[in-house]
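Structural characterization, general
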Amino acid sequence: MDFTFDTEQHALREAVAGLLQRAYDPEKRRAVTKDEPGFDEKTWSQLAEMGVLGLPFAEEDGGMGAGQAEVALVATEIGKVLAPEPFVESVVLAGGLVAAVGTAEQRAELLGPLAEGASLVVFAHAEPGSRWTPTATGVTAAQGADGWTLTGVKEPVPSGARADVLVVSAAVEGGTALFVVRADAAGLTRTGYRTHDGTRAARVTLDGTPAELLGEGTADRTADVELALARATVAYAHEAVGAMQTALTTTSEYLKTRKQFGVPLSKFQALTFRAADMYVSLELVRSIALWATMVLDAEGSSPRPCSPPPTGPGCRRRRPAGTSARRPSSCTAGSASPPSTPWGTTPRG
């Protein structure tokens, strides 16, 4: 199985990495997340200029026509510096739903400005008391002589107070539909707050709020929401891979430079074993995230849990013995083992 990136993908990764590493270090991130809207608008605009905000959208909709692999590359670089930009929330999740469900006119109206960085679109789906479901129950939609209106509460909505457009899921007869709500709509109240990681979320209250039906007809959009959530979950997994990579690099550098009893910490076997466990965990997570990305690219469907054990190429059951980081069975892509860890020792197998 080939995990090699092509020239264009390498160039994309280097460009995004260069921009984000210049924009963020721990101190800069703390300063940016201290103030509203919780991310750097200038960096967001620069990502738009690079074409990053339009990566997954079709060219006719103002995007780049890229795939899940390119989205994964960007998400990984975001994770490496813990950049607070709402790339997954706006581009992958909300933008992905508009691209999948919206009419040609709606895609042109919403995706073009999003790709240009002129408009922030977010998905308002989670409801108080709900737990990771693709359906909506707490917000209901009603159709009257003047069109659709929405009533209910959505929370938390990532970047909901800053958003220019909300894509809102709501219960209709026969299932869940999607609607477009403008930031200045009547009956819309947004209460923003800081989350535990310094980013922003909001409680969104709709009280007879005018809305535009996304797409044609009131067909049940549960499957579309489920797929969009799966794509966002995989992108978040790649952000986690990037964060883990930074943690591993920082740890290995510390072991090489910090001395105890006159020798570097990397000479102490117990510490190098712990670092090796970190390396193994990173590679397992990377393999799982890559596998999920390839499933989305190949099938256009949601990756399913690996139970019962899957069959076929690219997904095998492994049960290595050892520490807890390597003990659980994992569904991973069949990549070759790396020759050594960054601090010069080979993980115990």
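From a predicted model like this one, the values you see are computed outputs, not experimental measurements.

**Let's talk about the overall build of the chain**
Secondary structure summary: the chain contains eight helices and eleven strands in total. Within the chain, the proportion of its 349 residues that are buried is 45%. Excluding contacts between residues fewer than 6 apart, the proportion of contacts in the chain whose partners are at least 24 apart in sequence is 69%. Element-wise, carbon and sulfur atoms account for 53% of the exposed surface of the chain, whose accessible area totals about 17100 Å².

**Some thoughts on the confidence of the model for the chain**
Overall, the prediction assigns the chain a mean pLDDT of 87, with 85% of residues at 70 or greater. Confidence over residues 305-349 falls short of pLDDT 50; this stretch has 77 contacts with residues more than four positions distant or in other chains.

**A word on the nonpolar core**
Judged by nonpolar contacts, the single largest core of 67 residues is most densely connected at Phe87, Leu150, Leu166, Phe179 and Val181. In terms of residue count, the dominant contributor to this core is helix H5 (residues 87-101) (nine residues). The contacts of Val181, once residues within four sequence positions are left out, are Leu150, Val165, Leu166, Val168, Leu188, Leu206, Thr209, Pro210 and Ala211. Val234, Trp291, Val295 and Leu296 belong to the second largest nonpolar core, which has six residues in total.

**Some thoughts on the pattern of salt bridges**
On inspection of all chains with the given rule, the structure shows 13 salt bridges. Put simply, Glu27 and Arg30 hold a salt bridge, and the shortest N to O gap is 2.5 Å. Residue Glu27 and its partner Arg30 are both found in helix H2 (residues 26-34); the two are separated by three residues, about one turn of the helix. The shortest N-O distance in the salt bridge between Arg162 and Asp164 comes to 3.2 Å. According to the relative accessible area criterion, Arg162 is partly exposed, its value standing at 26%.

**Points about the side chain of Glu127**
You can see Glu127 is positioned in the loop between strand S1 (121-124) and strand S2 (140-144). Take Glu127: its relative accessible area is 6%, and that puts it in the buried class. In contact with Glu127, other than residues within four places in its own chain, are Ala136, Thr137, Gly138, Val139, Val153, Lys154 and Glu155.

Rules and cut-offs
Residues numbered from 1 in each chain as written. Predicted model: local features only at pLDDT ≥ 70, side-chain atom pairs only at ≥ 80, totals over all residues. Heavy atoms only, no water. Helix = DSSP H or I, 4+ residues; strand = E, 2+ residues; numbered from the N terminus. Buried < 20%, exposed > 50% of the residue type's maximum accessible area, 1.4 Å probe, protein only. Contact = heavy atoms within 4.5 Å. Areas by Shrake-Rupley, 256 points an atom, 1.4 Å probe, with all protein chains shown as cover. pLDDT = per-residue confidence, 0-100. Core = buried A, V, L, I, M, F, W, Y, C linked by side-chain atoms within 4.5 Å. Salt bridge = Lys/Arg side-chain N within 4 Å of Asp/Glu carboxyl O.

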